[in-house]
Amino acid sequence: MAGRWKNDLKWSDVTPKADYLNRRQIMAGAAAAAALAAGPALSGAKIRAVPSAYSTDEAPNSYEDITSYNNFYEFGTSKTDPAKNAHRLTTDPWSVRVDGLVDRPGNYDLADILKGVTLEERIYRLRCVEAWSAVIPWVGFELADLLNRVGVQPSAKYVYFETLVRPSEMIGQKSRVLDWPYREGLRLDEAMHPLTILATGLYGEEMPNQNGAPIRLVVPWKYGFKSIKSIVRISLVEKQPQATWNMQNPREYGFYSNVNPEVDHPRWSQASERRIGGGLFSRRIPTRMFNGYGDQVAGLYAGMDLRKFY
Ligand code: MTE
C-alpha cells in the first residue's frame, strides 16, 4: 500500500544537508554529552528530507518510544540496554566497505555516500519477530541508489551486510550471545526494491546510536532482525549469505523472514502484534501479510512456497 503523505510533520525548520554534514563533524566531539543530554527531546542535528509516497499514513510512535525500546544486542540483550549503553559508540568518522561483485569496490566515507543521495522521510511500520511493532519516521535513501553507483556485476545474486565489531564501545560484544559480527543478507531483487532503504536518521534528525547510527538497513516487509544496524560492510555475492539469526537457529528464523501472520514462530503465534507506546494500554493488532506491504512486494515471491521459504 503506497500510503499518502501524512502532513502533520513539518519540515519548515530543517537545515540544508551541507549544514547537516558540517554539523556532523561538530557533533562528533559533543556526541557523548549530547547522548546524555538528549533524552526524549528533539535536540539532535536536523536533516533535510523530502516526503515520500511510500510512507504509511499511520501515526508514528513517539521519539521516546522509538529510542527507548530497542533490540541491539551489541549493547546488551534487554530492550532498555541500547538506550543506556549506545552513547559509547563513535560514529564519526565512519566508512562502509563495499566489495565483492561490484565495479567500484572501496572503503567509502559516509559523508561521500551521502553526497550523492536525496534523503527522504519514509514512515514505515516495523514488525519485530518477537511480535511487537512500531511506526517509525525514518530518514534515508534507497539502497538501490548506492548499489547503482558502485555498479553491481551480473553475477551478483545477493547482498551481504555486516555490523561494526568494536567490543570496547559495543559492550554487549564482550558476551558471546551472538557470533559477531551481526550479519544479514537480502536477495538482489529485494535489495533493489524501492522500499528497501539505508536510513541515517529518524524524526528528521541524525540516527540515535541505539537505532543503528550512523547508517542502518530498513526492510519494512521483513521481520525487524533483517534491518541490520551500524553497517560497515556491504558485499555483493553469488551465494545466499550467512545471516545471524538464521545461523543461530535456522528452525526459528528463516533467511527470508517476510512478515507472515500465517506462519507461526515455533514458540509463539505471529497472527497479531503489540504496538509499542501505549504502556499498559498498548494495543494488540492483527499482523498483516508482508507487514502490509504486499501490494508492492508479493511479486518478488511469486511461485515460492512461503511456508518453506519463511
Ligand atoms: N542490528 C544489529 N546489528 N544488532 C541487533 O541486535 N536487532 C534487530 C534489528 N537490527 C539488531 C539489529 C532487531 S531484532 C530489530 S526488531 C530491529 O533491529 C530493531 O530496530 P529498532 O531498535 O531501531 O526499533
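Cut-offs used in this document
- Residues numbered from 1 in each chain as written.
- Predicted model: local features only at pLDDT ≥ 70, side-chain atom pairs only at ≥ 80, totals over all residues.
- Heavy atoms only, no water.
- Pairing = 2+ DSSP bridges.
- Helix = DSSP H or I, 4+ residues; strand = E, 2+ residues; numbered from the N terminus.
- Buried < 20%, exposed > 50% of the residue type's maximum accessible area, 1.4 Å probe, protein only.
- Near = heavy atom within 4 Å.
- Polar contact = N/O pair within 3.5 Å; in protein donor to acceptor, adjacent residues only side chain to side chain.
- Areas by Shrake-Rupley, 256 points an atom, 1.4 Å probe, with all protein chains shown as cover.
- 1 Å grid on protein atoms, 1.4 Å probe; cavity = no way out; pocket = protein on both sides within 12 Å on 5 of 7 lines; lining within 4 Å.
- Sits in = over half its atoms within 2 Å of the grid points.
- Nonpolar A, V, L, I, M, F, W, Y, C, P; charged D, E, K, R; others polar.
- Axes fitted to C-alpha atoms, helices over the stretch in contact; angles between N-to-C directions.
- Points joined across faces, edges and corners; volume = space filled by probe spheres on them.
- Phe/Tyr/Trp six-rings, centres within 6.5 Å; stacked < 30°, edge-to-face > 60°.
- Lys NZ or Arg CZ within 6 Å of the ring centre and 35° of its normal.
- Contact = heavy atoms within 4.5 Å.

Engineer: I'd like a description of the pairing of strand 3 (residues 106-109), backed by residues and values.
Structural biologist: When strand 2 (residues 95-100) meets strand 3, the two strands line up antiparallel, connected through four bridges. Within the sheet, the bridge partner assigned to V98 lies in strand 3 and is G106. The antiparallel pairing of strand 2 with strand 3 creates a hairpin that spans five residues between the two strands.

Engineer: If you had to explain the pairing of strand 7 (residues 183-187) to someone new, which residues and values would you point to?
Structural biologist: In terms of residue burial, strand 7 counts as a mostly covered element, since five of its five residues are buried. Direction of pairing for strand 6 (residues 158-163) relative to strand 7: antiparallel, over a ladder of five bridges. Among the inter-strand pairings, F161 is bridged to a residue of strand 7, identified as E184.

Engineer: Give me the lowdown on the site of the ligand, citing residues and values where you can.
Structural biologist: Close contacts around the ligand come from 18 residues, with N70, Y73, E74, T163 and K229 the closest. One of the side-chain nitrogen or oxygen atoms of T163 is found 2.9 Å away from a nitrogen atom of the ligand. In this structure, an oxygen atom belonging to the ligand sits 3.0 Å away from a side-chain N or O atom of N211. In isolation the ligand offers 540 Å² of accessible surface; the protein chains occlude 97% of this area. Assessed atom by atom at 2 Å from the grid points, the ligand resides in the second largest pocket. Its residues assigned to classes, the shell around the ligand comprises nine nonpolar, six polar and three charged.

Engineer: Report on the sheet that holds strand 7, specifying residues and quantitative values.
Structural biologist: Reading across the sheet, the five strands line up as 3-2-11-6-7 and stay open at both edges, with mixed pairing between neighbours. Every interior strand has two partners, whereas the edge strands, strand 3 and strand 7, have only one. The average undirected angle you get between the axes of adjacent strands in this sheet is 20°. Examined bridge by bridge, strand 6 and strand 11 (residues 231-237) share six bridges and lie antiparallel to one another. If you follow E162 over to strand 11, its bridge partner there is R233.

Engineer: Go over the layout of surface pockets, please, and point to the residues and values.
Structural biologist: Size it by volume and the second largest pocket reaches roughly 480 Å³. N71, F72, C128, G224 and F225 are the residues nearest the centre of the second largest pocket, which is lined by 30 residues in total. Residue assignment for the lining of the second largest pocket shows that the elements contributing at least two residues are helix 2 (63-68) and strand 5 (132-142). Tallying contributions element by element places strand 5 first for the lining of the second largest pocket, with four residues. Its residues assigned to classes, the lining of the second largest pocket comprises 19 nonpolar, six polar and five charged.

Engineer: I'd like a description of the packing of aromatic side chains, backed by residues and values.
Structural biologist: Tallying each qualifying case throughout the model produces twelve aromatic pairs. With a centroid separation of 5.6 Å and 80° between ring planes, the pair formed by Y73 and W245 is classed as edge-to-face. Remark: W245 occurs in helix 7 (residues 244-248) and Y73 occurs in the loop between helix 2 and helix 3 (81-85); sequence separation between them is 172 residues. Considered together, Y73 and W245 belong to a single accessibility category, that of buried residues. Ring pairing ties together the aromatic residues Y158, F255, Y256, F290, Y301 and F309, which thus form one cluster. If you follow R125 out to its NZ or CZ, it ends over the ring of Y293, 4.6 Å from the centre.

Engineer: Pulling in residues and values, what's your account of the environment of I66?
Structural biologist: For I66, the position within the fold is in helix 2. Given a relative accessible area of 2%, I66 falls into the buried group. Sequence spacing of I66 and V135 is 69 residues, and the spatial spacing of their C-alpha atoms is 8.4 Å. Leave out the neighbours within four places in its chain, and I66 touches N61, V135, I136, P137, L202, Y203 and N211.

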